[in-house]
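Structure assessment
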Amino acid sequence: QARLVESGGGLVQPGGSLRLSCVASGISFSFYDMAWYRQAPGKERELVATVNRDHSTTYAEFVKDRFVISRDNAKNTVYLQMNRLRPEDTAVYYCHAYYTGNWGQGTQVTVSS
């Protein structure tokens, strides 16, 4: 029954930054481990980063030292700060609450000159 709404995507030049947001409803947000995934055209969905209930984080190798995932439980929101963006970061980005089966519409991130 979780509902997730992503926002913040757009067109950015290589080396630029973007902050994505995901607002969750229908769940007790503070009890859920959260994640950001992305899917590029012609590729399988891949895990980008996770932030757990205790605020611990993990990152995929391809975003280490560039992206920061965080959460604000008071706002039922998970963020993905994306820095030093590369063209290969172009994808639709989705957030996910573990143990739920619902996904939002995603937000498009395009990195191009």
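Our subject is the structure that appears above.
It should be emphasised that the depicted structure is a prediction, and the values quoted were computed from it without experimental measurement.

Quick notes on the rules
Once a new chain begins, its residue numbering starts again from 1 and follows that chain's sequence as written. In keeping with the predicted nature of the model, local features appear solely for residues at pLDDT of at least 70, side-chain atom pairs appear and are counted solely at 80 or more, and the whole-chain, interface and lining totals rest on all residues. By convention in this description, side-chain values take in all heavy atoms of the structure and omit both hydrogens and water. A helix here means a DSSP run of H or I that spans at least four residues, while a strand means a run of E at least two residues long, and both kinds are numbered starting from the N terminus. The atom set for the radius of gyration is the C-alpha atoms, and the globule formula is 2.2 Å times the number of residues raised to the power 0.38. Here's how the labels work: a residue is buried when its accessible area is under 20% of the maximum for its type, exposed when over 50%, partly exposed in between, all with a 1.4 Å probe on protein chains only. By definition in these notes, contact holds between two residues if any of their heavy atoms fall within 4.5 Å. Only centres within 6.5 Å qualify two rings of Phe, Tyr or Trp (six-membered ring in Trp) as a pair; their planes then separate them into stacked at under 30 degrees, edge-to-face at over 60, and tilted for everything else. Buried Ala, Val, Leu, Ile, Met, Phe, Trp, Tyr and Cys residues form a nonpolar core when they are joined through side-chain atoms within 4.5 Å. Any cysteine sulfur atom paired with another within 2.5 Å is treated as part of a disulfide. When DSSP finds two or more bridges between two strands, those strands count as paired. Only the contacting stretch of a helix is used when fitting its axis, a line to C-alpha atoms as for every element, and angles between N-to-C directions run 0 to 180 degrees.

Once that is clear, we can look at the overall build of the chain. When you go through the chain residue by residue, the secondary structure sums to zero helices and ten strands. Listed N to C, the secondary structure of the chain is β-β-β-β-β-β-β-β-β-β in terms of helices and strands. Relative to the 2.2 N^0.38 estimate, which gives 13 Å for 113 residues, the radius of gyration of the chain is 13 Å and therefore close to what a compact globule would have. Each principal axis of the C-alpha atoms in the chain carries an extent, and together these give about 40 × 25 × 20 Å. Expressed as a percentage of the 113 residues in the chain, the buried residues total 42%. Long-range pairs, those at least 24 residues apart, make up 53% of the contacts in the chain between residues at least 6 apart in sequence.

Another point: the side chain of Ser21. Inspection of the secondary structure assignment puts Ser21 in strand β3 (residues 18-25). You can call Ser21 buried: its relative accessible area is 13%.

All right, on to the packing of aromatic side chains then. Scanning all chains against the criterion turns up two aromatic pairs. On the numbers, 6.2 Å between centres and 90° between planes, the contact of Tyr94 with Trp103 is edge-to-face. For Tyr94, a relative accessible area of 18% translates into the label buried. A network of ring pairs unites the aromatic residues Tyr37, Tyr94 and Trp103 as a single cluster.

The biggest cluster of nonpolar side chains holds 29 residues, and the ones touching the most others in it are Trp36, Val78, Leu80 and Tyr93. Of all the secondary structure elements, the ones that give two or more residues to this core are β3, β4 (34-39), β5 (46-51), β7 (67-72), β8 (77-82), β9 (91-97) and β10 (107-111).

A few words on the state of the cysteines. Evaluated as defined, the whole model comprises one disulfide. What pairs with Cys22 in a disulfide is Cys95, and their sulfur atoms sit 1.7 Å apart. Of this pair, Cys22 sits in strand β3 while Cys95 sits in strand β9, and the two are 73 residues apart along the sequence. Here Cys22 falls in the buried class, since its relative accessible area comes to 0%. Overall, the relative accessible area of 0% leaves Cys95 in the buried class.

Time to look at the sheet that holds strand β6 (residues 57-59). Strand order in the open sheet formed by six strands is β2-β10-β9-β4-β5-β6, with mixed pairing between adjacent strands. The two strands at the open ends of the sheet, each matched to only one other strand, are β2 (10-12) and β6. For this sheet the average axis-to-axis angle between neighbouring strands, irrespective of direction, equals 25°. As judged from the five bridges shared by β4 and β5, these two strands associate in the antiparallel manner. Each residue of the ladder has a partner; that of Tyr37, found in β5, is Leu47.

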